[in-house]
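# Structural description and commentary
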Amino acid sequence: MGTTITLWRPTGPQELALVEASGWTAWPPRLPDQPIFYPVLNEAYAVMIARDWNVPASGVGFVTRFEVDREFAARYPVRQVGGRDILELWVPAEELAEFNRHIVGRIEVVHTFGPGDDDG
C-alpha cells in the first residue's frame, strides 16, 4: 500500500475557482451551512455527482482528483451513503485547513461536464 490515498471531489465552478486561486493545493473553507467536507473514494461516484448535480445547479461540473497522506486520512470516518461503492470521507469543516496541509501534490481536474454530457 502506498503512502497516499487517492480521493475525488465533484465540484462546481465557484469552488474550483477557489482551488485554482490556491495554486491547486487546497480546498476553500466550508460555508456556515456546510459542516462537513466530503471527498469521495471512487471516481465513478464523483462523476455521477458532477454530471447529475453540479451541471443542473451551475451549468458545469468538474471531477477533481488528489492525493492525501494515507495515515492522516485514516483518522476520518468513511461513510457509505448509498450503494456499497458510494463512499465518502467525512472531514469536519473546522479541520479542513489541517486536511489541506496533508494533500500531497496538486489537485487536478480529471473530468469536465456541461449540459447534455453523458460522460467525461
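Please refer to the structure placed before this passage.
What you see is a predicted model, and the numbers here were worked out from it, not measured in a lab. (Residues numbered from 1 in each chain as written. Predicted model: local features only at pLDDT ≥ 70, side-chain atom pairs only at ≥ 80, totals over all residues. Heavy atoms only, no water.)

## Overview of the nonpolar core
If you look at the biggest cluster of nonpolar residues, it comprises 19 residues, and the most contacted ones within it are Trp27, Phe66, Val68, Leu89 and Phe99. For this core, the secondary structure elements donating two or more residues are α1 (13-21), β3 (61-69), α3 (70-73), α4 (96-101) and β7 (103-113). The element that contributes the greatest number of residues to this core is β3, accounting for three residues. Among all residues touching Phe99, those that are not within four sequence positions of it are Leu7, Phe37, Pro39, Phe66, Val68, Phe72, Tyr76, Leu89 and Val91. (Core = buried A, V, L, I, M, F, W, Y, C linked by side-chain atoms within 4.5 Å. Buried < 20%, exposed > 50% of the residue type's maximum accessible area, 1.4 Å probe, protein only. Helix = DSSP H or I, 4+ residues; strand = E, 2+ residues; numbered from the N terminus. Contact = heavy atoms within 4.5 Å.)

## What about α1?
Residues of α1 that are buried: Glu15, Leu16 and Val19. Seen along its axis, α1 keeps its buried residues to an arc of 100°; they face one direction. Within α1, the exposed residues directed more than 90 degrees away from the buried face are Gln14 and Ala21. Downstream of α1 by a residue or two, Gly23 has a phi angle that is positive, lying close to 80°. (Arc of directions from axis to C-beta.)

## Section: the packing of aromatic side chains
In this structure the tally under the stated criterion is seven aromatic pairs. Considering the side-chain rings of Tyr76 and Phe99, the 6.2 Å spacing of their centres and the 70° angle between planes classify their relative orientation as edge-to-face. Separated by 23 residues along the polypeptide, Tyr76 in the loop between α3 and β4 (78-80) and Phe99 in helix α4 bring together distant segments of the chain. Here the aromatic residues Trp27, Phe37, Phe66, Phe72, Tyr76 and Phe99 are joined through ring pairs into a cluster of three or more. The ring of Trp27 has Arg9 lying over it, and the distance from NZ or CZ to the ring centre is 5.8 Å. When the ring centre of Tyr38 is taken as origin, the NZ or CZ atom of Arg9, which lies over that ring, is 5.6 Å away. (Phe/Tyr/Trp six-rings, centres within 6.5 Å; stacked < 30°, edge-to-face > 60°. Lys NZ or Arg CZ within 6 Å of the ring centre and 35° of its normal.)

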